[in-house]
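# Structure at a glance
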Amino acid sequence: MTFSDDSRWQAFRQAMPVTQKWAYFDHAAVAPLPQTTAESITNWCQQAAHEGDTVWLSWEQAIEKTRESGAKLMGAHPDEIALVSNTTQGINIVAEGISWKPGDNLVVLGNEFPSNLYPWLHQQAKGVEVRVIPVEGVEPDLSRIAEACDTNTRILTISWVSYKTGWRIDPATLAKIAHDAGALFFLDAIQGMGVFPLDVRSADIDFLAADGHKWMLGPEGAGLFYCKQELLDELHPIGVGWNSVADRKNFDKTDLTFRPTAARYEGGSQNMPGLIGLGASLDLLLEYGAGPQTSAIGERVLQVTDWACEALTNAGAKLITSRAGDERSSIVSFQVPGKLPQALRAAGQKMGVNFSVRGDFVRLSPHAYNNQADIARLVETLAAVE
Ligand SMILES: Cc1ncc(COP(=O)(O)O)c(C=O)c1O
């Protein structure tokens, strides 16, 4: 089936109970859960209540499947994936794990979400220079980024898609800029992973983190961290615990030999219901065509956002987001002249149309199951505000 096959997207829509009530355009904030995900978490709750840890091994197997599905989504090996609590944890595994030397610097954009700034700014206490590249407008200046990377740059860190403007960078281009300077490359992938294709190998990504609660349609607090196999020993593991070591189930033997995989960063007990839920969501996305090389989900989301942009423009909105080629993402930011973003949001909440406000913009973030009827409801919302 192709992305234009309506029945496919109609079926995907039916998998999302939220559509019964809401025109839901807020996946860049927190996604609603697919029915199968909700069921898998409910099932875990029932098992935990009725069986306790007698079924623990089946939970462990289930989260290993989540690891495999996460790896499949981005073209990684499961050994390169750590199951983490959020994007922030993944960023800190890298920021705190690099053995910084005096005189080192790192490069980051000025319009990053705070999670991709604070862990890096925190390294200043170790004498690291943090080079924050301002972004004027929506487009990051790649030549300024490249100029900022020198022989003392240890890492370039950037978001795949800007949470505020929806600008989508090409991860391979940014990875090359970092590598040409002899630096590492970190991708905050939360605003793209699950929708757009990304092959960590061909894009040559060193590290990546993404919580599942946005485009991967998982619950909050269950995410993926990727570490390129060759770099495992570059990162000093933080948050070390029983679950970090090779012989992790032998509590009577003390041997601080780390697991030979990215799971060494997991430390302690896992968020079983969250990660089981994330696994169900990943399986749904893979079933509907998400993948590392091509993504039917991504094509469909671009189609939905194109419809939305056309309808918004016809309704008098001013788009902030670029709609050119691969700069497009699943986030559309806009303003309606004479109408306050917060007033539009308040009207939307009353009319069953959910979207966010970021800065001075309304931020619309549809998924592949949104349709023209949802967009018509959005336009009605705009019209309802004086
Ligand atoms: C670019 C980006 N990074 C990170 C996060 C959230 O991080 P975490 O998963 O640690 O809550 C967000 C949330 O909006 C985001 O937009």
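A quick note: this is a predicted structure, and the numbers were derived from the prediction, not measured.

### A short note on the UniProt feature "domain: Aminotransferase class V" (unreviewed entry) in the chain
As recorded in UniProt, the sites labelled "domain: Aminotransferase class V" (unreviewed entry) are residues 24-355. Counted over residues 24-355, helix gives 34% and strand 14%. Its end C-alpha atoms are 7 Å apart.

### A short note on the layout of surface pockets
Reported here for the largest pocket is a volume of approximately 490 Å³. Looking at the largest pocket, it is lined by 25 residues, and the ones nearest its centre are Arg168, Ile169, Asp170, Pro171 and Asp326. Mapped by element, the contributors of at least two residues to the lining of the largest pocket are helix H7 (171-180) and helix H9 (296-314). By residue number, the principal contributor to the lining of the largest pocket is H7, which donates four residues. Formed jointly, the lining of the largest pocket draws a minimum of three residues from each of two domains, domain 1 (7-33 + 292-384) and domain 2 (42-287). Taken as a whole, the second largest pocket holds about 250 Å³ of empty space. As for the second largest pocket, its lining consists of 18 residues, and the residues nearest its centre are Phe113, Ser115, Ile190, His213 and Lys214. The class makeup of the residues in the lining of the second largest pocket is six nonpolar, seven polar and five charged.

### Comments concerning the domain arrangement of the chain
Domain parsing of the chain yields domain 1 (7-33 + 292-384) and domain 2 (42-287). Placing a centre on the C-alpha atoms of domain 1 and another on those of domain 2 gives a separation of 27 Å. Tallying the contact residues gives 36 residues for domain 1 and 30 residues for domain 2. Both faces combined, the contact of domain 1 with domain 2 buries some 2,500 Å², and carbon together with sulfur accounts for 62% of it. At the surface where domain 1 touches domain 2, the tally comes to zero salt bridges. The tally of links between domain 1 and domain 2 comes to 17 residue pairs in polar contact (both at pLDDT 80 or more).

Rules used throughout
- Residues numbered from 1 in each chain as written.
- Predicted model: local features only at pLDDT ≥ 70, side-chain atom pairs only at ≥ 80, totals over all residues.
- Heavy atoms only, no water.
- UniProt positions renumbered as here; feature names shortened; annotations may be inferred.
- Helix = DSSP H or I, 4+ residues; strand = E, 2+ residues; numbered from the N terminus.
- 1 Å grid on protein atoms, 1.4 Å probe; cavity = no way out; pocket = protein on both sides within 12 Å on 5 of 7 lines; lining within 4 Å.
- Points joined across faces, edges and corners; volume = space filled by probe spheres on them.
- Domains from an automatic or database assignment.
- Nonpolar A, V, L, I, M, F, W, Y, C, P; charged D, E, K, R; others polar.
- Contact = heavy atoms within 4.5 Å.
- Buried area = accessible area lost by both parts, 1.4 Å probe.
- Salt bridge = Lys/Arg side-chain N within 4 Å of Asp/Glu carboxyl O.
- Polar contact = N/O pair within 3.5 Å; in protein donor to acceptor, adjacent residues only side chain to side chain.

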